[in-house]
Amino acid sequence: MIGIAVRGPDQIVLIFLEHEMDLKIFRHLWGTSGAWAELFPRFLADGYIGIETSLPPAERCGEMRGLLKAHSLEYIPQIFTQGAGVEEHLESFLKQVGRCAEFGAKLINCHSGRDVWTAAEAEDFYGKALEIEAKVAVTVAHETHRGRVFYSPWTCAPILRKFPDLKLCCDYSHWVCVAERLIDDQADILALCAEHCVHIHARVGYEEGPQVPDPSAPEYLRHLQAHEAWWDQIWSSQQARGLAHSTLTPEFGPPAYLHTLPHTNVPVADLATVCNWQARRQAERFARRGT
């Protein structure tokens, strides 16, 4: 049985599921302004279960820990590997994963590697990254992101086939942009990714970019529905794998991801409204699954 509680017309629908998997929706701090002490209770009141953002500087870790605890919010840290080659990226990965573990994180979202690496370099990195993940005992989701190893379906799939324990954060908006098409013609790869996905970035891309201006606009309905079909596939896989929770972040970004009017840099949509609309829609869709 599924119960839904609505706090208001502009608030996220909260889901209470008695079946074996529920949906946890996180709010990204990308593009937000204001103090954490103001933002965190606002996001909690909007219905978000946690925060996703990069690791805070050392001097602000105590502040973030305190606010997360005070508002009973979960945390997904986002990390970014850096360096001139594989070994430096691995050193960067190890250091950041260690900080996340000290922070008490259970799930990490990682932008990993570089798009210019050879297949051998990518295999070297991910093989060793899995060893680090196992030692630290924190789940790492490697994001399908432009500029990184997983910038396209065709660089991602061979790595997944070689490393069955590798986990993904699926943000298909990047792949739609890179491929310049909705990628339904890559059904085998999408099915493979669904089996590895532990976290979703629910942004909607289109043929000319990684972010439609407003996913509620009717002119982008086919793009929204395509992405939703891919997320449905992930949810089905996660439930079949016995996951207790599915996590999702409506990770729409500010300008220049968000379109602006020429000569003014004025956004054509309100970022918070877009994120909340997407969060509500996906919560409602998840609640209707199986009914």
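Above this note sits the structure.
Residues numbered from 1 in each chain as written. Predicted model: local features only at pLDDT ≥ 70, side-chain atom pairs only at ≥ 80, totals over all residues. Heavy atoms only, no water.

Draft legend 1. Just the layout of surface pockets, in detail. Of the voids in this model, the largest pocket is the one considered here, and its volume is about 450 Å³. Forming the boundary of the largest pocket are 20 residues, of which Glu74, Tyr75, Ala105, Lys106 and Leu107 lie nearest the centre. Contributions of two or more residues to the lining of the largest pocket are made by β3 (22–28), α2 (61–70), β5 (74–80) and β10 (245–249). Partitioned by chemical class, the residues of the lining of the largest pocket number eleven nonpolar, four polar and five charged. (1 Å grid on protein atoms, 1.4 Å probe; cavity = no way out; pocket = protein on both sides within 12 Å on 5 of 7 lines; lining within 4 Å. Points joined across faces, edges and corners; volume = space filled by probe spheres on them. Helix = DSSP H or I, 4+ residues; strand = E, 2+ residues; numbered from the N terminus. Nonpolar A, V, L, I, M, F, W, Y, C, P; charged D, E, K, R; others polar.)

Draft legend 2. Quick look at the nonpolar core. Ranked by size, the top nonpolar core spans 82 residues in total, and within it Phe40, Phe93, Tyr172 and Cys193 carry the most contacts. Other than its neighbours up to four places away in sequence, Cys193 contacts Cys156, Leu160, Leu168, Cys170, Tyr172 and Trp175. Grouped together as the second largest cluster of nonpolar side chains are six residues, Phe26, Ile76, Ala141 and Cys169 included. (Core = buried A, V, L, I, M, F, W, Y, C linked by side-chain atoms within 4.5 Å. Buried < 20%, exposed > 50% of the residue type's maximum accessible area, 1.4 Å probe, protein only. Contact = heavy atoms within 4.5 Å.)

Draft legend 3. Geometry of helix α9 (residues 271–288). Spanning 18 residues, α9 covers 26 Å between terminal C-alpha atoms, matching the ideal 26 Å at 1.5 Å per step. Within α9 the residues assigned to the buried category are Leu271, Val274, Cys275, Asn276, Gln278, Ala279, Arg280, Gln282, Ala283, Arg285, Phe286 and Ala287. (Expected span 1.5 Å × (residues − 1).)

Draft legend 4. Region of the structure containing helix α5 (residues 153–162). By the burial criterion, the buried members of α5 are Pro153, Cys156, Ala157, Ile159 and Leu160. Lining the buried residues of α5 we find α4 (119–136), β8 (168–170), α6 (172–179) and α7 (187–196).

Draft legend 5. Spotlight on the state of the cysteines. Under the defined criterion, the tally for this structure stands at zero disulfides. With no disulfide of its own, Cys169 has Cys197 as its nearest cysteine by sulfur position, at a separation of 6.7 Å. With no disulfide of its own, Cys275 lies 14 Å from the sulfur of Cys169, the closest cysteine sulfur. (Disulfide = S-S within 2.5 Å.)

Draft legend 6. The packing of aromatic side chains, seen in detail. Counted under the stated rule, the structure contains twelve aromatic pairs. Judged by centre distance (5.9 Å) and plane angle (70°), the rings of Tyr206 and Tyr220 are edge-to-face. Here Tyr220 lies in the loop between β9 (197–201) and α8 (221–240) and Tyr206 lies in the loop between β9 and α8, a separation of 14 residues in the sequence. Given a relative accessible area of 15%, Tyr220 falls into the buried group. Between the aromatic rings of Trp235 and Phe286, the centroid separation amounts to 5.0 Å while the plane-to-plane angle is 90°, which identifies the pairing as edge-to-face. With a gap of 51 residues between them, Trp235 in helix α8 and Phe286 in helix α9 connect regions that are remote in the sequence. For the pair Trp235 and Phe286, one class covers both residues: buried. Put simply, the rings of Phe93, Trp117, Phe125, Tyr126 and Phe150 pair up and form one aromatic cluster. Lying over the aromatic face of Phe103, Arg65 brings its terminal NZ or CZ to 4.5 Å of the ring centre. Here the guanidinium or amino end of Arg289 rests over the ring plane of Phe286, the centre of that ring lying 5.5 Å away. (Phe/Tyr/Trp six-rings, centres within 6.5 Å; stacked < 30°, edge-to-face > 60°. Lys NZ or Arg CZ within 6 Å of the ring centre and 35° of its normal.)

Draft legend 7. A look at unusual backbone geometry. Put simply, Pro255 and Ala256 share a cis peptide bond, and its omega is 15°. Although it is not a glycine, Ser72 adopts a positive phi angle of roughly 55°. Note on placement: Ser72 falls in the loop between α2 and β5. Judged by relative accessible area, which is 60%, Ser72 ranks as exposed. The phi dihedral of Glu180 falls on the positive side, at around 55°, and the residue is not glycine. Residue placement: Glu180 occurs in the loop between α6 and α7. Relative accessible area serves as the criterion here: at 59%, Glu180 is assigned to the exposed category.

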